[in-house]
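Residue strings, one per chain:
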Amino acid sequence: MNEQKKMKILILLVVILSILILTVLTFDKVLSNNDSQNNIKENTDDRPTGVEENTSDNENIINDTESENKELSIEEFFNLLKGYWAKADSDDNISISFEDNLFVLGYFASEASIKSPVQELEKISENEYKFLAGSNYIYVDLTEINNNIIYVRVNDYSTFKYIFISTDYNEAFNYFFN
């Protein structure tokens, strides 16, 4: 019986040490991830040339539509927002992507919380659009799109700020995981 007690204590110690080691490794990864995210956030103007050209096209789309006071088509909307966007002021790797009429929200490179084609795109104010993605209404504020910032709200929840990362999956992956 004494030997069984010693074995239980030994197993308990191994489990506790394993948890401590995993905690330290996770904490170290979080710290290194924060440093790399801060460096990338400071360098958002260092986007590839193709993206910069796309941004100027996006500015023209917004300027043209504002002067005409008409709604963006789904194609124009997706051209304006195409790529990967990271939730600002957050370390939880939540991202939004717009591509091929598909809206995706969730943890980057993981199962999405919302993944659906955009339906019923509607302009609801000067710079705000609403669309249906699955059973959720998504509100996108484009007021600061020229600064690579959008504000997104799902249904009646809080609005969150997102910053543009890239149109390239590998660059977005490096942003979140390096």
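Source: prediction; values computed, not measured.

Caption draft 1: How the structure looks around a nonpolar patch on the surface. Where nonpolar side chains cluster on the molecular surface, the patch consists of Met7, Leu10, Ile11, Val14, Val15 and Ile19 and spans about 560 Å² of accessible area. Examined against the element boundaries, Val15 turns out to sit in helix H1 (residues 2-42). By relative accessible area, which is 42% here, Val15 ends up partly exposed.

Caption draft 2: Quick look at the side chain of Lys87. Turning to its location among the elements, Lys87 is positioned in strand S1 (residues 83-87). Of the side chains with opposite charge, Asp92 comes closest to the buried, unpaired Lys87, at an N-O distance of 4.1 Å.

Caption draft 3: Quick peek at the pattern of salt bridges. Tallied over the full model, the rule gives 1 salt bridge. A salt bridge links Arg153 to Asp156, with the shortest nitrogen-to-oxygen separation between them at 3.9 Å.

Caption draft 4: Local environment of the sheet that holds strand S8 (residues 159-166). Taken in spatial order, the 8 strands of this closed barrel run S1-S2-S3-S4-S5-S6-S7-S8, and their pairing is antiparallel. Geometrically, the sheet is characterised by an average inter-axis angle of 35° between neighbouring strands, direction not taken into account. Where strand S2 (residues 94-99) and strand S3 (residues 102-107) come together, 6 bridges link them in antiparallel fashion. Looking at S3, one finds that Phe98 is bridged to Phe103. Here helix H4 (residues 169-177) sits on the sheet in contact with S1, S2 and S8, set at roughly 120° to S8.

Caption draft 5: View of helix H3 (residues 74-81). Three or more residues of H3 are buried, namely Phe77, Phe78, Leu80 and Leu81. Along the axis of H3, the buried residues cluster in a sector spanning 160°; they form a single face.

Caption draft 6: Structural view of the pairing of strand S6 (residues 136-141). Bridge analysis of strand S5 (residues 128-133) against S6 gives 6 bridges, and the strand direction is antiparallel. Across the sheet, the residue bridging to Leu132 is Tyr137, located in S6. Connecting S5 to the antiparallel partner S6 that follows it, the hairpin turn spans 2 residues, and Gly134 within it adopts a positive phi of roughly 70°. Pairing geometry for S6 and strand S7 (residues 149-154), over 4 bridges, is antiparallel. Bridge pairing links Val140 to Val152 in S7.

Thresholds, definitions, all that
Residues numbered from 1 in each chain as written. Predicted model: local features only at pLDDT ≥ 70, side-chain atom pairs only at ≥ 80, totals over all residues. Heavy atoms only, no water. Patch = residues over 30% accessible without salt bridge, like charges linked within 9 Å, V, L, I, M, F, W, Y side chains within 5 Å. Areas by Shrake-Rupley, 256 points an atom, 1.4 Å probe, with all protein chains shown as cover. Salt bridge = Lys/Arg side-chain N within 4 Å of Asp/Glu carboxyl O. Helix = DSSP H or I, 4+ residues; strand = E, 2+ residues; numbered from the N terminus. Buried < 20%, exposed > 50% of the residue type's maximum accessible area, 1.4 Å probe, protein only. Lys, Arg positive; Asp, Glu negative; His and termini not counted. Pairing = 2+ DSSP bridges. Axes fitted to C-alpha atoms, helices over the stretch in contact; angles between N-to-C directions. Contact = heavy atoms within 4.5 Å. Arc of directions from axis to C-beta.

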